[in-house]
Amino acid sequence: MFNIRRRKFITLLGGAAVWPFAASAQQAGKLFGIGYLSLLSGDDSNVVLQRLHELGYSEGKNLRFDQRSADGRAERLPQLAAELVRTGPDVLIAGFGTLAAQAAQAATKTIAVVFTSVGDPIGSGLVASLNRPGANVTGVTSQASDVVGKRLQILEELIPGNRTVAVVLNPETPFSALALQELRAAADARQLRLEIFEVRTADQVSVAIEAAIKAGAAGLLTLEDPLTLSLRRQLADLAAKARLPTIYGNKAFAEAGGLMSYGVDRRQLYRRAAEYVDKILKGTKPADLPVEQPTKFELVINLKTAQALGLTVPNALLVSADEVIE
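Below is a short write-up of the structure.

Conventions and cut-offs
Residues numbered from 1 in each chain as written. Predicted model: local features only at pLDDT ≥ 70, side-chain atom pairs only at ≥ 80, totals over all residues. Heavy atoms only, no water. Pairing = 2+ DSSP bridges. Helix = DSSP H or I, 4+ residues; strand = E, 2+ residues; numbered from the N terminus. Axes fitted to C-alpha atoms, helices over the stretch in contact; angles between N-to-C directions. Contact = heavy atoms within 4.5 Å. Parallel < 35°, antiparallel > 145°, perpendicular 65-115°, else oblique. Left-handed = near helix turned anticlockwise from the far one by under 90°. Phe/Tyr/Trp six-rings, centres within 6.5 Å; stacked < 30°, edge-to-face > 60°. Buried < 20%, exposed > 50% of the residue type's maximum accessible area, 1.4 Å probe, protein only. Lys NZ or Arg CZ within 6 Å of the ring centre and 35° of its normal. Nonpolar A, V, L, I, M, F, W, Y, C, P; charged D, E, K, R; others polar. Salt bridge = Lys/Arg side-chain N within 4 Å of Asp/Glu carboxyl O.

### Comments concerning the sheet that holds strand β2 (residues 32-38)
If you walk across this open sheet you meet the 5 strands as β3-β2-β4-β5-β6, and the pairing is parallel. Of all the strands in the sheet, just β3 (63-69) and β6 (137-141) have a single pairing partner and so form its edges. Across the sheet, the mean angle separating the axes of adjacent strands is 20 degrees when strand polarity is ignored. Set on the sheet, helix α2 (residues 45-54) makes contact with β2, β3 and β4 (91-94); between it and β3 the angle comes to about 170 degrees.

Now the structure itself:
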């Protein structure tokens, strides 16, 4: 696999205010406790740890890192969050998606909670506003207002003249409703017809792809969440077999054989979340740390998949891609 990198992700830095007890938290020899809660196993806690190491934290010396994963079973998150709270952490980190963040928020009103990639922090009730979260929860959002519309535009460039696009989403993910609203507005502006297919379990993916073909869809767009991310290889394989050009919201899909992805670099989100943890451990109030929004997104094109589908990717798209997988 040959990767061509062209641009770097750029993030915004948040402001800071100081906890009243900041001085006591900085005493020499302090062992900081971090709890990490994730819905999926294999979540990117290693990226958080790597960044914390770069910032001067070392397990066994000044850092205790406890991790709990629900292994895809959302109903386990409240229990696991409660377990982490009982370990007495200084900060709780919520892994990919909204559900882990909501479970952490429900488990404590006093321990700082930092989420890593939530689509709609306000709509999901995690924060009062992006600029002033207002309580013990803050973090990094994975979405900007026009990102799904941009995905639709990119897909249309690949399949010009075809007016029907299928959308696969998990309706149980809080962000899906907001993303779908924005997607409908973008489709109306482009005079495209959307066919919506809901996927709540792994066995519904093949049904959704078959239904999309029967509906006459010329392309497919997925709204990412922990479920679809965990099923990325299945989604990519089924879309390829159906010869259905698809754009995803996460680079991991393109790496798994998906045609294209347009979205934020998740590694950068996790690194920024670790930096938020560092700020809090040094005395910053989470209420005064603005929720950070991505300002740059990356387009990844899997040229090998495009060739297998018999697609010619327009030069304009190739030139604008941040990474091409050949």
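### Some remarks on the packing of helix α7 (residues 204-214) against helix α9 (residues 232-241)
At their nearest, the axes of α7 and α9 sit 10 Å apart, and the two run at 30 degrees to each other. With respect to each other, α7 and α9 are oriented roughly parallel. Of the two elements, α7 crosses α9, and the hand of that crossing is right-handed. The residues of α9 that touch α7, namely those facing V205, S206 and I209, are Q234, L235 and L238.

### Here we look at the packing of aromatic side chains
Where two aromatic rings form a pair, the distance of their centres and the angle of their planes describe that pair. Taken as a whole, this structure holds 4 aromatic pairs when the rule is applied. Here the aromatic rings of F32 and Y57 are separated by 6.0 Å at their centres, their planes lie at 75 degrees, and the arrangement is edge-to-face. Pair noted here: F32 is in strand β2 and Y57 is in the loop between α2 and β3, with a separation of 25 residues, a long-range link. Each of the two residues, F32 as well as Y57, counts as buried. Between R266 and the ring centre of F96, over which it is positioned, the NZ or CZ distance is 4.4 Å.

### Structural notes on the packing of helix α3 (residues 77-86) against helix α4 (residues 98-107)
Across the interface, α3 lies against α4 with an axial gap of 9 Å and an inter-helix angle of 50 degrees. Here α4 runs oblique to α3, going by the angle between their axes. Once α3 is placed against α4, the crossing between them reads as right-handed. Packed against α3, whose contacting residues are L77, P78, A81, A82 and V85, the element α4 presents L99, A100, A103, A104 and A107 at the interface. Classifying every residue of the contact of α3 with α4 by side-chain character gives 10 nonpolar, no polar and no charged.

### A few points about the pattern of salt bridges
The full count for this structure, using the stated rule, is 21 salt bridges. In this structure, the salt-bridge partner of D44 is R266, at a minimum N-O distance of 3.4 Å. In this pair, D44 is assigned in the loop between β2 and α2 and R266 in helix α11 (residues 266-281), connecting sequence segments 222 residues apart. Two residues, R151 and E224, come together in a salt bridge whose shortest N-O distance is 3.2 Å. With R151 in helix α5 (residues 147-158) and E224 in the loop between β9 (219-222) and α8 (226-230), this residue pair connects regions lying 73 residues apart in the sequence.

### What about the environment of A94?
Within the secondary structure, A94 sits in strand β4. Looking at A94, the relative accessible area reads 0%, which means it is buried. Each C-alpha atom, one on A94 and one on S45, is 9.6 Å from the other, the two residues being 49 residues apart in sequence. Aside from chain neighbours lying at most four places away, what touches A94 is L37, A100, A101, V114, F115 and T116.

### Quick look at unusual backbone geometry
Of note, the phi angle at D71 is positive, near 50 degrees, even though the residue is not glycine. Here D71 lies in the loop between β3 and α3. The class for D71 is partly exposed, based on a relative accessible area of 48%.

### What about the environment of T295?
Mapped onto the elements, T295 comes out in the loop between α11 and β12 (298-302). Sequence separation between T295 and Q143 is 152 residues, and the spatial gap between their C-alpha atoms is 9.3 Å.

### Some points on the pairing of strand β11 (residues 260-263)
Neither face of β11 is left uncovered, since the one carrying M260 and Y262 and the one carrying S261 and G263 both have all their residues buried. Here strand β10 (residues 246-248) pairs with β11 via 2 bridges, running parallel. Its bridge partner lying in β11, Y248 is registered against S261. Two elements, β11 and β12, share 4 bridges in a ladder whose sense is antiparallel. Bridged to G263 within β12 is E298.

### Looking at the side chain of S117
Turning to its location among the elements, S117 is positioned in strand β5 (residues 112-118). Not counting residues up to four positions away in its chain, the partners in contact with S117 are F96, G97, V140, S142, L269 and Y270.

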